[in-house]
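The residues making up each chain are set out below.
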Amino acid sequence: MTVSFVLPEVTPVETINWAEIPSPAFVLDESRLRRNLALISQVQRESGAQIIVAFKGFAMWSTFGLLREYGITGATASSLNEARLAYEEMKGEVHVYAPAYSDEDFPRILELADHLVFNSFTQWVRFRPQVEAARAAGRTVHVGIRVNHEYGEVDTDLYNPAGPFSRLGVTRREFREDLLEGVDGLHFHSLCENDSSTLERTLVAFEEKFGEFLPRMKWVNFGGGHLMTRAGYDLDRLIRVVRDFKARHNLHVILEPGSAFGWQTGWLVSSVLDVVHNVKDAAVLDVSVSAHMPDVLEMPYRPRILGAGDPPEQGQHREDDGTLAASGHPYIVGGTTCLAGDVIGEYIFAQELQPGDRVVFDDMIHYTMVKTTFFNGVKHPDIGILHVDGNYERVRAFGYEEFKAKLS
Ligand SMILES: Cc1ncc(COP(=O)(O)O)c(C=O)c1O
């Protein structure tokens, strides 16, 4: 089986006038989001899985109308705040999972949630009376248990929920079959930017450990980490794996990716404030690595800068398209906080950098604006949308009031 995907064209990067976009700004490109959504909605149709968006990775709520246009009607929330955002702005199914719910938040979460996933049987037992009372009052509340099949292919410990002593999910050893009354689903999450071959192997481990409980369930949530919008991702395999699982167990399957929605859908536009010299040139930008793109330091990874290349390799350097270039201007690229490590590293630019020049970081939509801080009180980038007609819309600007509101 080969499914052909015909996806809409995207706005060529060369046609974008960066100087017209006020800096700093997270800029979502509507054409690129539409392309991802077209792909995700086709996977949803072909596989029969329900695909919901994980707010922890992508929660740009001004785009939720677009998501609904493509049949994405549900969201998964990790907290009361995200659940409320899902209810108020997605206006679809609200799924909630958190490593633990507090007594204070739970009653409100229960009011908002259609699907509630518990990370442990102790939490399920603690909150079961409230769930039962809601059901007795006529509410449909699906309850799932997050399980840990202890199989992971994630190299970075920071992102591996299936690693040793993980607090995320119930292992087979701790699983309480006697407490399954009222539970109608299982949830696992152990992928991170993986391909569908990882999902296929993961399902073997999941079914080996928890397959015996599946006849008692109505649904299984395969978590996130399915990077289906990345070029080269094996979509046919994903569709086949989901279909086969559904056929084997006759269950409703849910996928809850975050990254796949925002993957390659926009940029962080910044500008140079100053260039300082200490043996090497360093460009100080009006954004912060630590405050605005923290995964660069946490993961860590090196983002691509449009039009800039990597540092010299044996006397030569590569442009961003991989070709070897004869010359260029090296700069250490860093942010505007006082943190010494608020730095990405060295890049080679075609021209010398001057104050006011734009420096555009690629692929800065997922896990960026959901994680930003006001560290040092630095200016928070705007959030904007580059529409398909070429118009730029500044959707949100942040000022002193937002900074002050986080403190007291
Ligand atoms: C429980 C759960 N679901 C979904 C996701 C979304 O994963 P991703 O953005 O990698 O698709 C995560 C990410 O950490 C998660 O922990």
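This one's a predicted model, so the numbers in the text were calculated from it and none came from an experiment.

Thoughts on the side chain of glutamate 30
- Tracing the chain through its elements places glutamate 30 in helix H1 (residues 30–47).
- Take glutamate 30: its relative accessible area is 7%, and that puts it in the buried class.
- With residues near it in sequence (within four places) discarded, glutamate 30 still touches Leu66, Ile385, Leu386, His387 and Val388.

With respect to the nonpolar core
- Counting 102 residues, the largest nonpolar core has Leu116, Met228 and Phe361 as the members making the most contacts within it.
- No other element matches H1, which puts 6 residues into this core.
- Among the domains, domain 1 (48–262) and domain 2 (266–364 + 372–405) are the pair contributing at least three residues each to this core.
- Counting 10 residues, the second largest nonpolar core, distinct from the first, contains Ile21, Ala25, Val27 and Leu306.

Considerations on the packing of aromatic side chains
- The tally for this structure, following the rule as stated, stands at 19 aromatic pairs.
- Seen from their ring centres, phenylalanine 206 and phenylalanine 245 are 6.4 Å apart, and the 35 degrees between their planes marks the pair as tilted. With phenylalanine 206 in helix H6 (residues 196–210) and phenylalanine 245 in helix H7 (residues 235–249), the pair connects residues that are 39 residues apart, well separated along the chain. Here the two residues phenylalanine 206 and phenylalanine 245 agree in accessibility, since each one is buried.
- For the ring pair tyrosine 331 and phenylalanine 349, a centre distance of 5.9 Å and an interplane angle of 75 degrees mean the geometry is edge-to-face. With tyrosine 331 in strand E16 (residues 329–334) and phenylalanine 349 in strand E17 (residues 343–349), this residue pair connects regions lying 18 residues apart in the sequence. Of the two residues examined, tyrosine 331 and phenylalanine 349, each falls in the buried class.
- Through successive ring pairs, a cluster of aromatic residues spans Phe121, Phe175, Phe188, Phe206, Phe210, Phe213, Phe222 and Phe245.
- The residue whose ring lies beneath arginine 302 is tyrosine 347, and the NZ or CZ to ring-centre distance is 3.8 Å.

A few points about the site of the ligand
- Taken together, 13 residues lie near the ligand, and Gly225, Glu256, Gly258, Ser259 and Tyr367 sit nearest.
- For the ligand, an oxygen atom lies 2.7 Å from a polar atom in the backbone of glycine 225.
- Taking glutamate 256, its side chain carries an N or O atom lying 2.7 Å from a nitrogen atom of the ligand.
- In the complex, 86% of the free accessible area of the ligand, which totals 390 Å², lies under the protein chains.
- Counted by class, the shell around the ligand contains 4 nonpolar, 6 polar and 3 charged residues.

Here we look at the sheet that holds strand E3 (residues 53–54)
- One open sheet holds the 9 strands; their spatial order is E2-E10-E9-E8-E7-E6-E5-E4-E3, and the pairing between them is parallel. Two strands bound the open sheet, and with one partner strand each, they are strand E2 (50–51) and E3.

Points about the packing of H6 against H7
- Where H6 meets H7, the axes come as close as 8 Å, and the angle between the chain directions of the two elements is 20 degrees. Compared by their axis directions, H6 and H7 come out roughly parallel. Of the two elements, H6 crosses H7, and the hand of that crossing is left-handed. In this structure, H6 contributes Ser196, Ser197, Leu199, Glu200, Leu203, Phe206 and Glu207 to the contact, and H7 contributes Arg237, Leu238, Arg240, Val241, Phe245, Arg248 and His249.
- Within the contact of H6 with H7, the residues separate by chemical class into 6 nonpolar, 3 polar and 5 charged.

Focus: the side chain of glutamate 346
- Here glutamate 346 shows up in strand E17.
- Its relative accessible area of 17% is what places glutamate 346 among the buried residues.
- For glutamate 346, the side chain forms a polar contact with the side chain of lysine 280, separated by 3.3 Å.
- The contact partners of glutamate 346, leaving out residues within four places of it in the chain, are Lys280, Arg302, Pro311, Pro330, Tyr331 and Ile332.

Some remarks on the domain arrangement of the protein chain
- By the assigned domains, the protein chain splits into domain 1 (48–262) and domain 2 (266–364 + 372–405).
- Centre-to-centre separation of domain 1 and domain 2, based on C-alpha positions: 34 Å.
- Listed by partner, the interface residues are 8 residues for domain 1 and 8 residues for domain 2.
- A buried area of about 550 Å², summed over both sides, lies between domain 1 and domain 2, and 64% of it is on carbon and sulfur atoms.
- Of all residues in domain 1, the largest losses of buried area upon contact with domain 2 belong to Met60, Ser62 and Tyr159, amounting jointly to 57% of the total for that side.
- Remark: the boundary between domain 1 and domain 2 carries 0 residue pairs in polar contact (both at pLDDT 80 or more).

Thresholds applied
Residue positions are given per chain, counted from 1 along the sequence in the order it is written. Residue-level local features of this predicted model are given only where pLDDT is at least 70; pairs of side-chain atoms are given and counted only at 80 or more, and the full residue set underlies all totals for whole chains, interfaces and linings. The side-chain values count all of the structure's non-hydrogen atoms but skip hydrogen atoms and water molecules. Every helix listed is a DSSP run of H or I at least four residues long, and every strand listed is a run of E at least two residues long, numbered separately from the N terminus. Buried means the residue's accessible area, taken with a 1.4 Å probe over protein chains only, is under 20% of the maximum for its type, while exposed means over 50%, and partly exposed covers the values in between. We call two residues contacting when some pair of their heavy atoms lies within 4.5 Å. Remark: nonpolar core denotes a set of buried residues (Ala, Val, Leu, Ile, Met, Phe, Trp, Tyr, Cys) joined through side-chain atoms within 4.5 Å. Annotation comment: domain bounds sourced from an automatic or database domain assignment. Two aromatic rings, drawn from Phe, Tyr or Trp (for Trp, its six-membered ring), form a pair once their centres lie within 6.5 Å of each other, and the interplanar angle then sorts them: stacked below 30 degrees, edge-to-face above 60, tilted otherwise. Charge-over-ring placement is defined geometrically: NZ (Lys) or CZ (Arg) within 6 Å of the ring centre, and within 35 degrees of the ring normal. Note on definitions. A residue lies near a molecule or strand when any single heavy atom of the residue is within 4 Å of it. Throughout this description, a polar contact denotes any pair of N or O atoms lying within 3.5 Å of each other; where both atoms belong to protein, one of them has to be capable of donating a hydrogen while the other can accept it, and for residues adjacent in sequence the pair is counted only when both atoms sit in side chains. For the area figures, the Shrake-Rupley method with a 1.4 Å probe applies, and any residue is considered shielded solely by the protein chains shown. Gly is put with the polar residues, along with every residue not named as nonpolar or charged; the nonpolar set is Ala, Val, Leu, Ile, Met, Phe, Trp, Tyr, Cys and Pro, and the charged set is Asp, Glu, Lys and Arg. Strands were regarded as paired on the criterion that DSSP finds at least two bridges between them. Axis definition: a line fit to C-alpha positions, over the contact stretch in the case of helices; interaxial angles, taken between N-to-C directions, run 0 to 180 degrees. Small angles under 35 degrees read as roughly parallel and large ones over 145 as roughly antiparallel, with 65 to 115 read as roughly perpendicular and the rest as oblique. Left-handed is the label given to a crossing in which the near helix is rotated counterclockwise from the far helix by less than a right angle, and right-handed is the label when the rotation is clockwise. Once two parts are put together, the accessible area they lose, assessed with a 1.4 Å probe and summed over both, is termed the buried area.

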